[in-house]
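# Notes for the structure review
Listed below, chain by chain, are the residues.
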Amino acid sequence: MGNLVAIVGRPNVGKSTLFNRLTQSRRAIVDEEAGTTRDRQYGLSEWCGHDFSVIDTGGWVVNSEDVFEEEINRQVTIAIEEADVIMFVVDVLNGITDLDLMVANILRKSKKPVILVANKVDTFDLQYQAAEFYKLGLGEPFILSAINGLGSGEVLDELVKHFDSEAPEELEDLPHFAVVGRPNAGKSSIINAFIGEDRHIVTDIAGTTRDSIYARYNKFGRDFYLVDTAGIRKKAKVNEDIEYYSVIRAIRAIESSDVCILMIDGTRGIEGQDLNIFSLIQKNRKGLVVCVNKWDLVEDKSTKAIKTYENAIRERFSPFTDFPIIFTSALTKQRIFKVMETAMQVYENKKRKVPTAKLNELFLPLIENYPPPAYKGKYVKIKYVAQLPDTQVPTFVFFANLPQYIKLPYMRFLENKLRANWEFTGTPILLFPRQK
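Procedures and definitions
Numbering of residues begins from 1 in every chain and follows the order in which that chain's sequence is written. Selection of residues for local features in this predicted model requires a pLDDT of at least 70, selection of side-chain atom pairs for listing and counting requires 80 or more, and totals for whole chains, interfaces and linings are taken over all residues. With hydrogens and water stripped out, all remaining heavy atoms of the structure feed into the side-chain values. Starting at the N terminus, helices and strands are each numbered in turn, a helix being any DSSP run of H or I of at least four residues and a strand any DSSP run of E of at least two. A simple rule labels every residue: compare its accessible area, found with a 1.4 Å probe on the protein chains alone, to the largest value its type can have, and call it buried under 20%, exposed over 50%, or partly exposed in between. Contacts are residue-level and defined by heavy atoms, with any inter-residue pair within 4.5 Å sufficient. Areas reported here follow the Shrake-Rupley algorithm with a probe of radius 1.4 Å; residue values treat only the protein chains shown as occluding. A pair of strands is labelled paired if DSSP reports no fewer than 2 bridges between them. Orientation is described by axes fitted as lines to C-alpha atoms, over the contacting stretch for helices, and by angles from 0 to 180 degrees between their N-to-C directions. Nonpolar cores are built from buried Ala, Val, Leu, Ile, Met, Phe, Trp, Tyr and Cys residues. Side-chain atoms within 4.5 Å join them into one set. Here roughly perpendicular refers to angles of 65 to 115 degrees, roughly parallel to angles under 35, roughly antiparallel to angles over 145, and oblique to all remaining angles. Two helices cross in a left-handed way if the nearer one is turned anticlockwise from the farther one by less than a right angle. They cross in a right-handed way if the turn is clockwise. Asp, Glu, Lys and Arg are counted as charged, while Ala, Val, Leu, Ile, Met, Phe, Trp, Tyr, Cys and Pro are counted as nonpolar; the rest, among them Gly, fall into the polar class. To estimate the expected span of a helix, count its residues, drop one, and scale the result by 1.5 Å. The definition of a right-handed crossover adopted here requires that, viewed with the strands pointing away, the path from the first strand over the helix to the second runs clockwise. Here is the rule: rings of Phe, Tyr and Trp (six-membered ring for Trp) pair when centre to centre is within 6.5 Å. Planes less than 30 degrees apart are stacked, more than 60 are edge-to-face, and the remainder are tilted. Two limits define a charge over a ring: the Lys NZ or Arg CZ must be within 6 Å of the ring centre, and within 35 degrees of the ring normal.

## Re the overall build of the protein chain
- Along the protein chain, the regular secondary structure elements total 11 helices and 15 strands.
- Each of the 436 residues in the protein chain was classed as buried or not, and the buried ones make up 53%.
- Sequence-distant contacts, at least 24 apart, represent 69% of the contacts inside the protein chain between residues at least 6 apart.
- Within the structure as shown, the protein chain displays about 21,200 Å² of accessible surface, and the carbon and sulfur contribution to it stands at 51%.

Right under this line is the structure:
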């Protein structure tokens, strides 16, 4: 599993700005007003070859005019329990406040590594003011300007020192399939149907499953781990702490799986939350099987209805459209073994290696007939194609004289040809143009 870093601190010290800098995105809204961040932001980051997940535990402060103590207390406690490393952000301009002291107290008692970050050092003159944060008893404060990046390298160097370098004790080296989806889409029911025993509590109340549970499946010549994850809730609905845990754990389950079985409620169609989960699966480059559950409750089961449903799903998930869709009912056990077989197939596809000779045999004549468009009068020539060994997903390199002029539409065209000629259904594949 990847390392998880939580950013904590009182409102308006720049947690979201730091989050945006770490994840190189602008997803968290940044505003002068305290308490702008109302939902937990999650992103992936990388430094010196270490991948890690970042959670911005933004102002949990719900419409309170008074002190935010209780809320911050809860937020920090959750972060301590779930994260591997905690970044505690304080504000050089304001100095130490009572809330900072309160957070520092909780953090000192925890056994987790804490990095103290003195933010808003936007000019060199301000760095000397960081010295007062030694008072917090959390060691040396690292100076940082999250806005312009001053000092971020030192903070990140310190951060990666705390990561587990040795891999955690692995469950046996078998495929890991994570069952993910919105609450109440039938994830636990389908796992019970697979295993043939009710080891998961199933109720009509969304959010019954609160933990990620590993189940070893070893029947009919198949052997793998199933990970059931608590339903991923829309952010607005995540008001209980337990819900927040389960979102983090579901994210971790996606990160530690090979193939994700995305459950969609057939009676409700695709909702925004399904797209969010899909993009998490994409971001983490996992195999995908889409499973439309509760098909026994859908009235119109004609071939035409199925086709329409499939097209709707592919349209919403585009540009990645090459994945299997299976219509199931966990209740009547309809087609549930097909889900497993398909997940196994996607796992195999993810490991597929194509011989270099075969790649060049297909692509060189093809590229000659359909070369990349010329750019500013320069002709782009692709000379050679190879697949990289030992990658998480199938990765292909196209060596060219002017790789910088090969644009995305042409790379998509090449990817489609790859998929048409070899079985890569359900797995993302990466293509890179490189200098010959």
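We are not done yet, so read on.
## Description of the sheet that holds strand 13 (residues 382–387)
- The strand order across the open sheet formed by three strands is 13-14-15, and the pairing between neighbours is mixed. Sheet topology places strand 13 and strand 15 (430–435) at the edges, where each strand pairs with a single neighbour. Adjacent strand axes in the sheet meet at a mean angle of 25 degrees when their direction is disregarded.
- For strand 14 (residues 395–400) and strand 15, the ladder comprises six bridges, and the chain directions are parallel. What sits directly across from T395, in strand 15, is L430.
- Each of strand 13 and strand 14 touches helix 10 (residues 356–369); the most contacted strand, strand 13, lies at about 150 degrees to it.
- Each of strand 13, strand 14 and strand 15 is contacted by helix 11 (residues 408–421), which is oriented at about 125 degrees to strand 15, the strand it contacts most.

## Here's the deal with the nonpolar core
- The biggest cluster of nonpolar side chains holds 27 residues, and the ones touching the most others in it are L262, I313 and F317.
- Among the elements of the structure, strand 7 (176–181), helix 6 (241–255), strand 10 (259–265), helix 7 (272–283), strand 11 (287–293), helix 8 (303–317) and strand 12 (325–327) are those that each provide at least two residues to this core.
- When near neighbours in sequence (up to four residues on either side) are disregarded, L262 contacts V180, G181, D274, I277, F278, I281, L288, V289, V290, C291 and F317.
- Membership of the second largest hydrophobic core comes to 23 residues, among which are F194, I261, M263 and V346.

## Thoughts on the packing of helix 10 against helix 11
- Helix 11 packs onto helix 10 with a crossing angle of 140 degrees between their chain directions and a minimal axis gap of 12 Å. As the angle between them shows, helix 10 and helix 11 are arranged oblique. Judged by the twist between their axes, the crossing of helix 10 over helix 11 is right-handed. For the pair formed by helix 10 and helix 11, the contact residues are L359, L362, F363, L366 and I367 on the first element and Y410, F413, L414, K417, L418 and N421 on the second.
- When the residues that make up the contact of helix 10 with helix 11 are grouped by side-chain class, the tally is nine nonpolar, one polar and one charged.

## Looking at the environment of Y347
- Inspection of the secondary structure assignment puts Y347 in helix 9 (residues 336–350).
- In this structure, the C-alpha to C-alpha distance between Y347 and L288, residues 59 residues apart in sequence, is 9.2 Å.
- Dropping the residues within four chain positions of it, Y347 is found in contact with P175, F177, D258 and V259.

## What about unusual backbone geometry?
- Residue S318 is joined to P319 through a cis peptide bond whose omega torsion reads 10 degrees.
- On the secondary structure map, P319 appears in the loop between helix 8 and strand 12.
- In the Ramachandran plot, K294 falls in the positive-phi region, its phi being about 65 degrees despite a non-glycine side chain.
- By the secondary structure assignment, K294 is in the loop between strand 11 and helix 8.
- Of note in this structure, K333 is not a glycine but carries a positive phi near 60 degrees.
- Looking at the secondary structure, you find K333 in the loop between strand 12 and helix 9.

## Overview of helix 10
- For helix 10, built from 14 residues, the straight-helix expectation of 20 Å at 1.5 Å per residue is met to within 8% by its first-to-last C-alpha distance of 20 Å.
- Inspection of helix 10 places L359, N360, F363, L366 and I367 among the buried residues, and these make up the whole buried set.
- Structurally, helix 10 contributes buried residues whose contacts are with strand 13, strand 14 and helix 11.

## Brief notes about the pairing of strand 11
- For strand 11, the buried fraction is high: seven of the seven residues fall into the buried class.
- With burial as the criterion, each face of strand 11 is covered, one bearing G287, V289, C291 and N293 and the other bearing L288, V290 and V292.
- Summarising the sheet, strand 10 and strand 11 pair through seven bridges and their orientation is parallel. Within strand 11, the position partnered with M263 by the bridge is C291.
- With helix 7 bridging strand 10 and the parallel strand 11, this β-α-β connection has right-handed handedness.
- Both strand 11 and strand 12 contribute to a ladder of three bridges, which runs parallel. Looking at the pairing, V290 lines up with I325 of strand 12.

## Regarding the pairing of strand 3 (residues 50–56)
- When you tally the buried positions in strand 3, you get five out of seven residues, the bulk of the element.
- Of the strand pairs in this sheet, strand 1 (residues 3–8) and strand 3 are connected by five bridges, and their pairing is parallel. When the sheet's bridge partners are listed, L4 is paired in strand 3 with S53.

## Notes on the packing of aromatic side chains
- Counted under the stated rule, the structure contains 14 aromatic pairs.
- Ring centres 6.4 Å apart and planes at 15 degrees place the aromatic pair F278 and F320 in the stacked group. Here F278 is found in helix 7, whereas its partner F320 is found in the loop between helix 8 and strand 12, with 42 residues between them in sequence.
- Of the aromatic side chains, those joined through ring pairs into one cluster are F278, F317, F320 and F323.
- Seen from the ring of Y375, K407 lies directly overhead, with NZ or CZ sitting 4.6 Å from the centre.

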